[in-house]
Amino acid sequence: MERTFLAIKPDGVQRGLVGEIIRRFETKGFTLVGLKFMKVSKELAEQHYDVHRERPFFTGLVEFIISSPVVAMVWEGEGVVAAARKIIGATNPLTSEPGTIRGDFGINVGRNLIHGSDAQETAQREIALWFKDEELVAWQSHSKAWLSE
């Protein structure tokens, strides 16, 4: 079963949107298998955003993600990486569709509420970076039979 990494960023936590964001993935039918409410270390932030290290906005990304607690999550389900990206919406909330998290609640590119893995390979790397294997819980929801063929 496919897994993805999602993180509700400091602006999502500070604005009280944690429950609303989690609700959207639960009602879609995905299974939450990992959850942490945490203060991100500078080291973890730099590792997470390493792909942007040479870009001028790298320092701002790191400073923002360590500025306040985040909610780190691992979700499981068929096609969860692509579906999560659709639920999240475009990076820029001003161009994100209504009905998406960013389209409904986002303010600007720098305050876009949530991070989501962009591919299965990225998800695997990010999950391993943010979670130990023993922090992930394999379980099956009683409603699974109603969500698949």
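As recorded in an unreviewed UniProt entry, the chain goes by Nucleoside diphosphate kinase and comes from Cuspidothrix issatschenkoi CHARLIE-1. As recorded by UniProt, the Subcellular location (unreviewed entry) comment attached to the chain reads in full: "Cytoplasm". Regarding the chain, the UniProt comment filed under Cofactor (unreviewed entry) reads as follows: "Mg(2+)".

Student: Could you give an account of helix α4 (residues 58–65), with specific residues and numbers?
Tutor: All of the buried residues along α4 are Phe-58, Val-62, Phe-64 and Ile-65. Taken end-on, α4 shows its buried residues confined to a sector of 165°, consistent with a single buried face.

Student: Account for the nonpolar core, naming residues and giving values.
Tutor: A general feature of soluble globular proteins is that nonpolar side chains tend to end up buried together. Ranked by internal contacts, the top residues of the largest apolar core, which has 21 residues, are Phe-25 and Trp-75. Counting residues per element, this core draws most heavily on helix α5 (residues 80–88), which supplies six residues. The residues contacting Trp-75, other than those within four sequence positions of it, are Glu-2, Arg-3, Thr-4, Leu-6, Ile-22, Phe-25, Glu-26, Phe-30, Thr-31, Leu-32 and Val-80. With 19 residues, the next largest nonpolar core counts Val-33, Val-40, Leu-44 and Ala-45 among its residues.

Student: How would you summarise helix α7 (residues 120–130) if you had to cite specific residues and measurements?
Tutor: Of all the residues in α7, the buried ones are Ala-123, Glu-126, Ile-127 and Trp-130. Along the axis of α7, the buried residues cluster in a sector spanning 105°; they form a single face. α7 presents Glu-121, Gln-124 and Ala-128 as exposed residues on the side facing more than 90 degrees away from its buried surface. For α7, the elements touching its buried residues are β1 (3–8), β2 (31–38), α3 (42–48), β3 (70–76), α5 and β4 (114–116).

Student: Break down the UniProt feature "domain: Nucleoside diphosphate kinase-like" (unreviewed entry) in the chain for me, citing the residues and quoting the values.
Tutor: Following the UniProt record, one finds the feature "domain: Nucleoside diphosphate kinase-like" (unreviewed entry) at residues 1–138. Taken as a whole, residues 1–138 contains 41% helix and 17% strand, while its terminal C-alpha atoms sit 11 Å from one another.

Student: I'd love a proper account of the environment of Gly-12, names of residues and values included.
Tutor: Within the element layout of this structure, Gly-12 appears in helix α1 (residues 10–14). Separated by 100 residues in sequence, Gly-12 and Asn-112 have C-alpha atoms that sit 8.1 Å apart. With sequence-adjacent residues up to four places away left out, Gly-12 is seen in contact with Leu-17, Val-18 and Leu-113.

Student: Quick one: what's the story with unusual backbone geometry, residue by residue and with numbers?
Tutor: As a rule of thumb, non-glycine residues mostly have phi less than zero, and peptide bonds are mostly trans rather than cis. Even without glycine at this site, Leu-113 takes up a positive phi of about 75°. A residue is classified by how much of its surface remains accessible, and Leu-113, at 0% relative accessible area, is buried.

Student: Describe the UniProt feature "active site" (unreviewed entry) in the chain, and please don't skip the residues or the numbers.
Tutor: Those residues carrying the UniProt feature "active site" (unreviewed entry) are His-115 in this numbering. Position of His-115 among the secondary structure elements: in strand β4. In this structure His-115 touches Phe-5, Leu-6, Ala-7, Lys-9, His-48, Ile-88, Arg-102 and Glu-126, once residues within four positions along its chain are discounted.

Student: Talk me through the sheet that holds β2; I want residue IDs and the actual numbers.
Tutor: Read from one edge to the other, the open sheet built from four strands follows the order β2-β3-β1-β4, with strand pairing classed as antiparallel. The sheet is open, and its two edges are formed by β2 and β4, each paired on a single side. Across this sheet, the average inter-strand angle for adjacent strands is 15°, counted without regard to direction. Across seven bridges, β2 lies against β3 in antiparallel orientation. Bridging across to β3, Leu-32 finds its partner in Trp-75. Sitting on the sheet, α5 is in contact with β1, β3 and β4, with an inclination near 25° to β1.

About the criteria used
Residues numbered from 1 in each chain as written. Predicted model: local features only at pLDDT ≥ 70, side-chain atom pairs only at ≥ 80, totals over all residues. Heavy atoms only, no water. UniProt positions renumbered as here; feature names shortened; annotations may be inferred. Buried < 20%, exposed > 50% of the residue type's maximum accessible area, 1.4 Å probe, protein only. Helix = DSSP H or I, 4+ residues; strand = E, 2+ residues; numbered from the N terminus. Arc of directions from axis to C-beta. Core = buried A, V, L, I, M, F, W, Y, C linked by side-chain atoms within 4.5 Å. Contact = heavy atoms within 4.5 Å. Pairing = 2+ DSSP bridges. Axes fitted to C-alpha atoms, helices over the stretch in contact; angles between N-to-C directions.

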